[in-house]
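Listed here are the chains, written in short residue letters.
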Amino acid sequence: MQALWEDGQTYQDHALDPQTGSPSLLRETRGGEFFYRFHFELQLPYPWGRLMAGIAAMALVLILLTGIVAHKRIFLDFFTFRPNKGQRSWLDAHNLLGVVALPFHLMIAFTGALTLASMFMPWGLTTLYHQDFAALEHDFNPADMDRPASGKAGTLAPIGPVLADIKQRFAPNDLIRLTISNPSDASSIIMAIAGQNASGVGVETHTLSYDGTTGKLLAEHIEKRPIMGFYRFLYGLHVAHFAPAFTRWLYFLSGLGFAGVIATGLHLWTRKRCHRERGLGFLLVERLNVGMITGTPTAFVAFFLANRLLPPFMANRAQIEIQTVFGVWAILLLYAAVRPPSVAWRDLMSMAALACLGVTLFNGLPLTFLQLGVGATAFSLACLFFYTARRMGRSAIGQP
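Cut-off values and rules
The residue numbers shown here count from 1 along each chain, following its written sequence. Note on the predicted model: pLDDT of at least 70 is required for a residue's local features to be given, and 80 or more for side-chain atom pairs to be given and counted; whole-chain, interface and lining totals, by contrast, use all residues. No hydrogens and no water enter the side-chain calculation; it runs on all heavy atoms of the structure. Note on geometry: axes are C-alpha line fits, over the in-contact stretch for helices, and angles between N-to-C directions span 0 to 180 degrees. Numbered from the N terminus, helices here are DSSP runs of H or I no shorter than four residues, and strands are runs of E no shorter than two. If an angle is under 35 degrees, it is roughly parallel; if it is over 145, roughly antiparallel; if it lies from 65 to 115, roughly perpendicular; otherwise it is oblique. We call two residues in contact when some of their heavy atoms are within 4.5 Å. Nonpolar residues are Ala, Val, Leu, Ile, Met, Phe, Trp, Tyr, Cys and Pro. Charged residues are Asp, Glu, Lys and Arg, and all others, Gly as well, are polar. Strands qualify as paired when DSSP identifies two bridges or more between them. For a helix, the expected span equals 1.5 Å multiplied by the number of residues minus one. At every residue, the bend is computed as the angle between two fitted axes, covering the seven residues ending there and the seven beginning there respectively. Between the rings of Phe, Tyr and Trp (Trp by its six-membered ring), a pair exists once the centres lie within 6.5 Å; its type follows the angle of the planes, with under 30 degrees stacked, over 60 edge-to-face, and the other angles tilted. Burial here depends on accessible area, computed with a 1.4 Å probe over protein chains only, as a share of the maximum for the residue type. Under 20% is buried, over 50% is exposed, and the range in between is partly exposed. For our purposes a nonpolar core is just a set of buried Ala, Val, Leu, Ile, Met, Phe, Trp, Tyr and Cys residues, chained together by side-chain atoms within 4.5 Å. Think of a salt bridge as a Lys or Arg side-chain nitrogen and an Asp or Glu carboxyl oxygen that are within 4 Å of each other.

J.: Pulling in residues and values, what's your account of the packing of helix α1 (residues 31–41) against helix α2 (residues 48–70)?
T.: Packing of α1 against α2 leaves a shortest axis separation of 7 Å and a crossing angle of 70 degrees. The angle between α1 and α2 falls in the class roughly perpendicular. Of the residues in α2, those in contact with Arg 37, His 39, Phe 40 and Glu 41 of α1 are Gly 49, Arg 50 and Ala 53. Split into classes, the residues belonging to the contact of α1 with α2 amount to two nonpolar, two polar and three charged.

What follows is the structure, given as structure tokens:
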């Protein structure tokens, strides 16, 4: 159970034991929250990271759509791969990886851009609501009550009966989030949101609000408006809360494949121009390709290594994990900038392989399917990076 509360101008959070409510002895970590936030905020202050991610998502949708129109061999390329043919093989791999999960690429890019659409097209909302965000939130979810504090002291009603009523009303779905506003005030509000719809893709469609001091139900809303259902369906596709393990692995492999599309595309761009006049722009892209393609996975793997190696109760442990990512990333980018690309490709691929192997070793004996999945994935990536580094060592030019 995750507890989050407001402390002045910031938020504090802590994992709690779901049986006793006492603070859990879990290691302090940002874990998946870091990667989740990074993928649409880029560790930048609001709103700059989200703007960059949204622009990239919209550009990706445009690139995919125009690529479908321009690419006449799109279905034939699904069955075409010619190994050991040099640049021809790289182009085949680029096309194959792009086509095999094309519906996923389109879906994830479009739904990602949709989640940030109000940042790029805010004029309809601002014209209709005139900066009255409370009215906007109420129209989105009529049961989400925003009652201002009265200034009079109040005591929360016993939470047990409220939770029992929530469970009965939400069945067969479960409670996913409980929010208490103004807990020490006579105007306190208890709001509950249901988890994943048991029979659909959409998320958060059932909301309850209670008077905090009496426990009386004030409002209930089950979302049935078609346009809201359509939006929540698209958002549900993006976050995949509905997905069983098999579907989540398909998401993961499709995302990994699209990373391969980007990497092969960047490589082909430089290889096509390597025999022309090498200006500053080409040299910059050539070295950035090495640092980004090989440095990014190594830096992210460094997060997992820091998570396993840092002392469990170290002060600012979660922040140091994140700093480790960017510290390693900066070092690898610098290394790629100062070393010949033929050497940097081989060395950084070897570093990525060693880092993944380290995660496998420090993962310990797999006692759960989750641990088994982490260890197997890290070991598979280590083998892939080792194989790539070995092929580079045999290459006359040291290029992938």
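J.: So what about the pairing of strand β6 (residues 217–222)? Which residues, and what values?
T.: Sheet topology places strand β5 (residues 206–211) next to β6; five bridges connect them, and they run antiparallel. The partner of Tyr 210 across the bridge, within β6, is Leu 217. Hairpin connection, β5 to β6: the antiparallel pair is bridged by five residues, and Gly 215 has positive phi, about 75 degrees.

J.: Break down helix α11 (residues 280–309) for me, citing the residues and quoting the values.
T.: If you check α11, its first and last C-alpha atoms are 41 Å apart, about what 30 residues at 1.5 Å a residue would give, namely 44 Å. Along its length, α11 reaches its greatest deviation from straightness, about 40 degrees, at Gly 295, and the proline Pro 297 lies no more than four positions downstream.

J.: Can you lay out the packing of aromatic side chains for me, pointing to particular residues and giving the numbers?
T.: For the coordinates displayed, the defined rule picks out 17 aromatic pairs. Arranged with centres 5.4 Å apart and planes meeting at 5 degrees, the rings of Phe 34 and Phe 303 form a pair that is stacked. Taken together, the residues span a long stretch of sequence, with Phe 34 in helix α1 and Phe 303 in helix α11 at a distance of 269 residues. Just as Phe 34 is buried, Phe 303 falls in that class too. Judged by centre distance (5.6 Å) and plane angle (65 degrees), the rings of Phe 300 and Trp 329 are edge-to-face. With Phe 300 in helix α11 and Trp 329 in helix α12 (residues 317–338), this residue pair connects regions lying 29 residues apart in the sequence. Across this residue pair, the class does not change: Phe 300 and Trp 329 are buried. Counting every residue linked through ring pairs, the aromatic cluster contains Phe 34, Phe 35, Phe 38, Phe 300, Phe 303, Phe 304, Phe 326 and Trp 329.

J.: An account of the nonpolar core is needed here, citing residue identities and associated values.
T.: Val 290, Val 301, Trp 345, Met 349 and Phe 385 are the most contacted members of the largest nonpolar core, which totals 21 residues. The biggest single contributor to this core is helix α13 (residues 341–362), with nine residues. Core analysis: the second largest hydrophobic core is formed by nine residues, Ala 101, Val 201, Ala 243 and Tyr 251 among them.

J.: Residue-level account of the packing of α1 against α12, with values.
T.: Helices that pack against each other are described as a pair by the angle of their axes relative to one another and the distance between those axes. For the pair α1 and α12, interaxial distance at closest approach is 10 Å and the crossing angle is 50 degrees. One way to sum up the angle between α1 and α12 is to call them oblique. From α1, Gly 31, Phe 34 and Phe 38 reach across to α12, where they touch Glu 321, Ile 322, Val 325, Phe 326 and Trp 329. When grouped by side-chain class, the residues that make up the contact of α1 with α12 number six nonpolar, one polar and one charged.

J.: Tell me about the pattern of salt bridges, residues and numbers included.
T.: Across all of its chains, the model carries eleven salt bridges by this definition. For Asp 211, the salt bridge is made with Arg 147, and the minimal N-O distance between the two is 3.0 Å. Note that Asp 211 is positioned in strand β5 and Arg 147 in the loop between α7 (133–140) and α8 (159–170), a separation of 64 residues in sequence. Looking at Arg 147, the relative accessible area reads 26%, which means it is partly exposed. Here Arg 225 and Glu 223 are joined by a salt bridge, their closest N and O atoms 2.8 Å apart. When its relative accessible area of 33% is taken as the criterion, Arg 225 is described as partly exposed. One connected set of salt bridges, linked through shared partners, spans Glu 33, Arg 37, Glu 41 and Arg 50.

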